[in-house]
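The chain contents come next:
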Amino acid sequence: MADGLASASADEPVAAGEAPLSPAHTDGDIVAEIAVVGAGPTGMAAALAFAAAGIDTVLIGPPTGADPRTTALLGASADVLREIGVWQHVEAASTPLETMRLIDDTGRLVRAPEVTFHAGELDLDAFGWNVANEALNEGFATAVAAASNLLHRPVTADGFEIDAAGVTVKTARGSVRARLLVAADGARSPAREAAGLDVISWSYPQAAFVTTLSHVRSHGLASTEFHTTTGPFTLVPLAGRRSSLVWVERPERANALAALADGVLSREIERRAHSILGAMQVDGPRGVLPLSTHVARRFAGNRVALIGEAGHRIPPIGAQGLNLGLRDVRSLAALVSEETRCNGDPGKAGVLDAYDRARRTDVAGRAVGVDLLNRSLLSDFLPLQLARSVGLYAAAEFPPLRRLLMRGGLGPGALPAGRPRRPLVASGGF
Ligand SMILES: Cc1cc2nc3c(=O)[nH]c(=O)nc-3n(C[C@H](O)[C@H](O)[C@H](O)COP(=O)(O)OP(=O)(O)OC[C@H]3O[C@@H](n4cnc5c(N)ncnc54)[C@H](O)[C@@H]3O)c2cc1C
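- For the protein, the name recorded in an unreviewed UniProt entry is 2-octaprenyl-6-methoxyphenol hydroxylase, with Pseudoxanthobacter soli DSM 19599 as its organism.

A look at the packing of helix α2 (residues 41-52) against helix α5 (residues 133-146)
Consideration 1: It is the contact of α2 with α5, at a shortest axis distance of 10 Å, that shows an interaxial angle of 30°. As far as their axial angle goes, α5 and α2 are roughly parallel. You can see that α2 and α5 cross each other, and the crossing is left-handed. Note on element contacts: α5 touches α2 through Asn137, Phe140, Ala141, Ala143 and Val144, opposite Pro41, Met44, Ala45 and Leu48.
Consideration 2: Residue classes in the contact of α2 with α5 are distributed as eight nonpolar, one polar and no charged.

Considering the site of the ligand
Consideration 1: Close contacts around the ligand come from 29 residues, with Thr42, Ala72, Ala157, Glu309 and Leu322 the closest.
Consideration 2: Residue alanine 72 places a main-chain N or O atom 2.8 Å away from an oxygen atom belonging to the ligand.
Consideration 3: At 2.8 Å from an oxygen atom of the ligand is found a main-chain nitrogen or oxygen belonging to leucine 322.
Consideration 4: Considering the ligand on its own, with 1000 Å² of exposed area, one finds that the protein chains cover 82% of that surface.

Re the packing of aromatic side chains
Consideration 1: What the rule picks out here adds up to three aromatic pairs.
Consideration 2: With a centroid separation of 5.8 Å and an interplanar angle of 65°, the aromatic rings of phenylalanine 226 and phenylalanine 233 are classed as edge-to-face.
Consideration 3: The exposure class of phenylalanine 226 is buried, given its relative accessible area of 2%.
Consideration 4: Phenylalanine 233 gets classed as buried once you look at its relative accessible area, which sits at 1%.
Consideration 5: The interplanar angle of 75° and the centroid separation of 5.1 Å between the aromatic rings of phenylalanine 233 and tryptophan 247 together place this pair among those described as edge-to-face. Here phenylalanine 233, found in strand β17 (residues 231-238), pairs with tryptophan 247, found in strand β18 (residues 242-249); they are 14 residues apart in sequence, far enough to count as distant. Each member of the pair, phenylalanine 233 as well as tryptophan 247, carries the same accessibility label: buried.
Consideration 6: An aromatic cluster is present here, built from Phe226, Phe233 and Trp247 joined pairwise through their rings.

Side note on the side chain of threonine 230
Consideration 1: Considering the arrangement of structural elements, one finds threonine 230 in the loop between β16 (222-228) and β17.
Consideration 2: Side-chain polar atoms of threonine 230 contact the backbone oxygen of valine 248, separated by 3.4 Å.
Consideration 3: Apart from residues no more than four positions distant in its own chain, threonine 230 is found in contact with Gln206, Val248, Glu249, Arg250, Arg272 and Leu378.

As for unusual backbone geometry
Consideration 1: If you check the backbone angles, leucine 221 has positive phi at about 60° while not being a glycine.
Consideration 2: Assignment of secondary structure puts leucine 221 in the loop between β15 (199-215) and β16.
Consideration 3: Among the residues examined, leucine 221 registers a relative accessible area of 23% and is labelled partly exposed.
Consideration 4: We note that histidine 274 has phi near 50°; this positive angle belongs to a residue other than glycine.

Some thoughts on the sheet that holds strand β3 (residues 34-37)
Each strand in a sheet pairs with another by means of backbone hydrogen bonds, the pair being arranged parallel or else antiparallel.
Consideration 1: As summarised here, the arrangement of the six strands in space is β10-β4-β3-β14-β22-β21, forming an open sheet in which the pairing is mixed. The open sheet has two free edges, formed respectively by β10 (150-153) and β21 (300-301), since each of these has just one partner strand.
Consideration 2: In the sheet, β3 pairs with strand β4 (residues 57-60) via four bridges, with the strands oriented parallel. If you follow valine 37 over to β4, its bridge partner there is isoleucine 60.

Quick look at the environment of glycine 40
Consideration 1: Residue position: glycine 40 is located in the loop between β3 and α2.
Consideration 2: You can call glycine 40 partly exposed: its relative accessible area is 21%.

Some thoughts on the nonpolar core
Nonpolar side chains tend to gather and get buried jointly when the protein is soluble and globular.
Consideration 1: Counting 75 residues, the largest nonpolar core has Phe50, Leu81, Phe140, Val169 and Leu181 as the members making the most contacts within it.
Consideration 2: Every residue in contact with phenylalanine 140, bar those within four places of it in the chain, is listed here: Pro41, Met44, Ala45, Leu48, Leu81, Ile84 and Val86.
Consideration 3: Ala207, Phe226, Phe233 and Leu245 belong to the second-largest nonpolar core, a separate cluster that totals 17 residues.

Cut-off values and rules
Residues numbered from 1 in each chain as written. Predicted model: local features only at pLDDT ≥ 70, side-chain atom pairs only at ≥ 80, totals over all residues. Heavy atoms only, no water. Axes fitted to C-alpha atoms, helices over the stretch in contact; angles between N-to-C directions. Helix = DSSP H or I, 4+ residues; strand = E, 2+ residues; numbered from the N terminus. Parallel < 35°, antiparallel > 145°, perpendicular 65-115°, else oblique. Left-handed = near helix turned anticlockwise from the far one by under 90°. Contact = heavy atoms within 4.5 Å. Nonpolar A, V, L, I, M, F, W, Y, C, P; charged D, E, K, R; others polar. Near = heavy atom within 4 Å. Polar contact = N/O pair within 3.5 Å; in protein donor to acceptor, adjacent residues only side chain to side chain. Areas by Shrake-Rupley, 256 points an atom, 1.4 Å probe, with all protein chains shown as cover. Phe/Tyr/Trp six-rings, centres within 6.5 Å; stacked < 30°, edge-to-face > 60°. Buried < 20%, exposed > 50% of the residue type's maximum accessible area, 1.4 Å probe, protein only. Pairing = 2+ DSSP bridges. Core = buried A, V, L, I, M, F, W, Y, C linked by side-chain atoms within 4.5 Å.

This is the structure we're talking about:
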């Protein structure tokens, strides 16, 4: 901990680097190397990653509330969770995703063939795992409670003061002073606003209706995405004969679905799913979430780094959101660890610029890809429909292209966690 930072607050706060962070620091003014605002999944992952690297970190934010959704963790995401001690808490509650099916259900003149991706084609057992958000958040909270170098203040950040040397976060339990503020405070991100980092944003005339259900037939560990003229209708396997549903619809229709009686809704979902899993029964809470996209013009600056939805939000198509957020975490943690190993300043402009460069292509590529796919479903513009159909036709017919798309969908960084059948030494993939 730099002396300059410890003395930067007029109130002479406790310098966390001088006395290890402990529950004794729950109240009062405190100094740490890094403050993370937002205790959602990306905030907790980042705080754990910094703490695991031996960096004094304060996590600020109320515990996550109930969340009926599930998250498909693809590519290297499970590896990230393993590295920060979370995977062991969620593995038992996760279901492997071995097969992904895309079915054109637009009923239009120009239709794409069905495309099926098998993890085995990449010599993997699974593309990733589907986990209930409740289990995921519990796993994160358990790891946060057990971590050293990490203090969680379960309160809202009420204000931010940014100067050349660091950031002071005001909370009802005292201030937190740090050289780097990591904004993991979600799509509206007050921390992003305080740093003057703006976003490019747009919304869609769509909302996602989400729930979970049981069904008569086995899903065979396959997720199925029906492409409809209102957006994707996606069933993702859960343990046993259960699946989670993300049904993208016009907002008024999504709200109407959420208001249906269980039996009527279950039959409507089965009809939409063309009974591929047999009779269905809704068995979980329901949610309706409006669809929008935003991408920060810069992912860091003014001593603040944006991760997760503070930096980018994209529609829940192709399960990209949290997977992108966990790649933010991995990238920022690597840069910051390297800097602090040399007693450097984790919030200095050079580190923030490197983070911005590291994340730009991945995030922009996903946002554009998902946007194009979504628009090609909604649009009556024939050339756009043709382009989507030709792309999917090529994916169905040409295994090398299919493998390329699969690797692209999993994201850069690493092999999917778990059990690759054999190393992809020569593939250059992921
Ligand atoms: C229907 C749906 C399905 C999805 N499915 C998938 C999927 O299968 N795979 C996938 O990878 N992604 C998926 N996503 C995306 C994924 O859910 C998000 O990317 C992820 O939840 C974002 O996490 P986050 O921590 O960045 O933000 P959030 O979860 O929004 O957390 C932000 C946190 O910040 C806190 N906060 C806000 N303001 C303050 C403040 N002033 N002080 C302190 N704390 C504050 C909030 O309380 C909250 O806890 C899906 C999204 C939707 C809508």
